[in-house]
Amino acid sequence: MTIEQVLNQQIANWSVLYAKLHQFHWYVKGPQFFTLHAKFEELYEEAASVVDELAEQLLSINGKPVSTLKEFLEIASVKETTEALTAEEMVQAIINDFSLLIVELKGGIAMAETNNDEVTSDMFIDLIGKLEKHNWMLKSFLGK
């Protein structure tokens, strides 16, 4: 995989994640509604910002970011959710997605370092830190 492919997969992942978080924001129900409605909004706003940062980094190294829904769905490892989930299942789905991203970003760091691309490596390190903190909080929410 090239660094361009790694960045594009992350752009696709975060784009699918943005849509999924928005879906959860709209459809969450139950006693945790107010807490999760706000949290999912915070997370999808963060995802939108990440997509933009990744695309701009790719452009800065003369790459071409994927930018269509079709492309996102073709290369993303994060998958859409089509079934109705409980609030707790939504939180677990996000933990699972964040865990997948952490693994992929660690591989991306190695790829970036091989290509002497410290900026991309630093971006990925920063994202891993955010995702690990989110996972800790989301797991705590579930009592894990």
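The notes below deal with the structure included here. (Residues numbered from 1 in each chain as written. Predicted model: local features only at pLDDT ≥ 70, side-chain atom pairs only at ≥ 80, totals over all residues. Heavy atoms only, no water.)

Okay, helix H1 (residues 3–27) next. Taking 1.5 Å as the rise per residue, H1 with 25 residues should run 36 Å; its terminal C-alpha atoms sit 36 Å apart, in good agreement. Where burial is concerned, most of H1 is hidden: 18 out of the 25 residues are buried. (Helix = DSSP H or I, 4+ residues; strand = E, 2+ residues; numbered from the N terminus. Expected span 1.5 Å × (residues − 1). Buried < 20%, exposed > 50% of the residue type's maximum accessible area, 1.4 Å probe, protein only.)

Here helix H2 (residues 33–60) crosses helix H5 (residues 118–141) at 170°, and the two axes come no closer than 12 Å. Considering the angle they form, H2 stands roughly antiparallel to H5. Between H2 and H5, the contacting residues are Thr35, Leu36, Lys39, Glu42, Leu43, Glu46, Val50, Glu53, Leu54 and Gln57 on the first element and Val119, Thr120, Met123, Phe124, Leu127, Lys130, His134, Met137 and Phe141 on the second. In the contact of H2 with H5, the residues fall into 10 nonpolar, four polar and five charged. (Axes fitted to C-alpha atoms, helices over the stretch in contact; angles between N-to-C directions. Parallel < 35°, antiparallel > 145°, perpendicular 65-115°, else oblique. Contact = heavy atoms within 4.5 Å. Nonpolar A, V, L, I, M, F, W, Y, C, P; charged D, E, K, R; others polar.)

Now for the environment of Val66. Relative to the helices and strands, Val66 resides in the loop between H2 and helix H3 (69–75). Note on Val66: relative accessible area 12%, which makes it buried. Taking the C-alpha atoms as reference, Val66 lies 7.2 Å from Ile11; in sequence the two are 55 residues apart. Each residue touching Val66, except ones within four places of it in the same chain, is listed here: Asn8, Ile11, Ala12, Glu71, Phe72 and Ile75.

Going through the model one piece at a time under the given rule, you end up with four salt bridges. Across the pair Glu42 and Lys39 runs a salt bridge whose closest N-O atoms are separated by 3.1 Å. Of this pair, Glu42 and Lys39 both sit in helix H2, three residues apart, roughly one helical turn. Look at Glu42 and you get partly exposed, because its relative accessible area is 39%. The exposure class assigned to Lys39 is buried, which follows from its relative accessible area of 17%. Salt-bridge contacts for Glu74 lead to Lys70; the nearest nitrogen and oxygen are separated by 3.3 Å. Linking Glu74 with Lys70, this pair stays in helix H3, spanning four residues, or about one helical turn. For Glu74, a relative accessible area of 55% translates into the label exposed. (Salt bridge = Lys/Arg side-chain N within 4 Å of Asp/Glu carboxyl O.)

Structurally, the position occupied by Gln9 is in helix H1. Setting aside chain neighbours within four positions, we find Gln9 in contact with Met1, Ile75, Ser77 and Glu104.

Grouped together as the largest cluster of nonpolar side chains are 44 residues, with contacts concentrated most on Trp14, Phe40, Leu54, Ile94 and Phe124. Those elements that provide at least two residues to this core are H1, H2, helix H4 (87–114) and H5. A total of 12 residues in this core trace back to one element, the largest contributor, which is H4. Beyond its immediate sequence surroundings of up to four residues, Phe124 is in contact with Val6, Leu7, Gln10, Leu54, Leu105, Gly108 and Ile109. (Core = buried A, V, L, I, M, F, W, Y, C linked by side-chain atoms within 4.5 Å.)

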